[in-house]
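Next come the chains, spelled out residue by residue.
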Amino acid sequence: MDFLVFAAGFCIIALAARQIGDTFKQAGFPLISGFLFTGIIAGPHVLNLIPSQAISTLTFVDQVSLGLIAFAAGGELYLKELKSRLTAIGWITSGLVISTFTMGSLAFFALADHITFMAAMPVSGRVGVALIAGAILVVRSPVLGHCHYQ
């Protein structure tokens, strides 16, 4: 019985998200803004239509939703508009990669005395670990890559 109530509630929220998304689109916002707004309102921090206990069991819905959001966001991109901005996009992306790598590596190197496995390492080992950590931070950065919820 709980499953039927939950499924009905989910369908109502999904329909509301579509309507709110259309309203946002008419106001000049991207369609996904309405989807995200609906999720925030329906979630455990506002209306609690989806309680926080249920979130851990909704990973499948989460993954499908991320795919749909990516699909909707891709529908908002136009190649002709992007071509004129390609140089700026390249510079911004390069700047983000370089700054994330540099700041992350420097932070790990500076905190090496406070990181248990790095404290006994020689300087060359600390530099190596700091460089690897900087590279991992670039790969895991939600700004530069995809968002992944765990």
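As the structure is a prediction and not an experimental result, all values here were calculated from the model.

(A) Just the side chain of Arg126, in detail. Mapped onto the elements, Arg126 comes out in helix H6 (residues 123-140). Assessed through its relative accessible area of 15%, Arg126 is described here as buried. Of the polar contacts made by the side chain of Arg126, one reaches the side chain of Asp113; its length is 2.9 Å. Once residues within four sequence positions are removed from consideration, Arg126 is found in contact with Phe109, Ala112, Asp113, Met118, Ala119 and Met121.

(B) Summary view of the packing of helix H1 (residues 2-26) against helix H2 (residues 31-42). Where H1 meets H2, the closest approach of the two axes is 7 Å, and the angle between their N-to-C directions is 135 degrees. Relative to H2, the element H1 lies oblique. As for the relative orientation of H1 and H2, their crossing is right-handed in sense. Along the contact surface, H1 presents Ile13, Ala16, Ala17, Arg18, Ile20, Gly21, Asp22, Phe24 and Lys25, while H2 presents Leu31, Ser33, Gly34, Phe35, Phe37, Thr38 and Ala42.

(C) Quick peek at the packing of aromatic side chains. Scanning all chains against the criterion turns up two aromatic pairs. Summarising the aromatic geometry, the rings of Phe24 and Phe29 are spaced 5.8 Å apart at their centres and angled 50 degrees between planes, so their arrangement reads as tilted. Exposure remark for Phe29: the relative accessible area of 47% places this residue in the partly exposed category. On the basis of an interplanar angle of 35 degrees and a centroid distance of 5.4 Å, the ring pair of Phe24 and Phe37 is categorised as tilted. You can see Phe24 sitting in helix H1 and its partner Phe37 sitting in helix H2, a full 13 residues away along the chain. Note on Phe24: relative accessible area 21%, which makes it partly exposed. A relative accessible area of 39% means that Phe37 is categorised as partly exposed. Three or more aromatic residues link up through ring pairs in this structure, and these residues are Phe24, Phe29 and Phe37.

About the criteria used
Residues numbered from 1 in each chain as written. Predicted model: local features only at pLDDT ≥ 70, side-chain atom pairs only at ≥ 80, totals over all residues. Heavy atoms only, no water. Helix = DSSP H or I, 4+ residues; strand = E, 2+ residues; numbered from the N terminus. Buried < 20%, exposed > 50% of the residue type's maximum accessible area, 1.4 Å probe, protein only. Polar contact = N/O pair within 3.5 Å; in protein donor to acceptor, adjacent residues only side chain to side chain. Contact = heavy atoms within 4.5 Å. Axes fitted to C-alpha atoms, helices over the stretch in contact; angles between N-to-C directions. Parallel < 35°, antiparallel > 145°, perpendicular 65-115°, else oblique. Left-handed = near helix turned anticlockwise from the far one by under 90°. Phe/Tyr/Trp six-rings, centres within 6.5 Å; stacked < 30°, edge-to-face > 60°.

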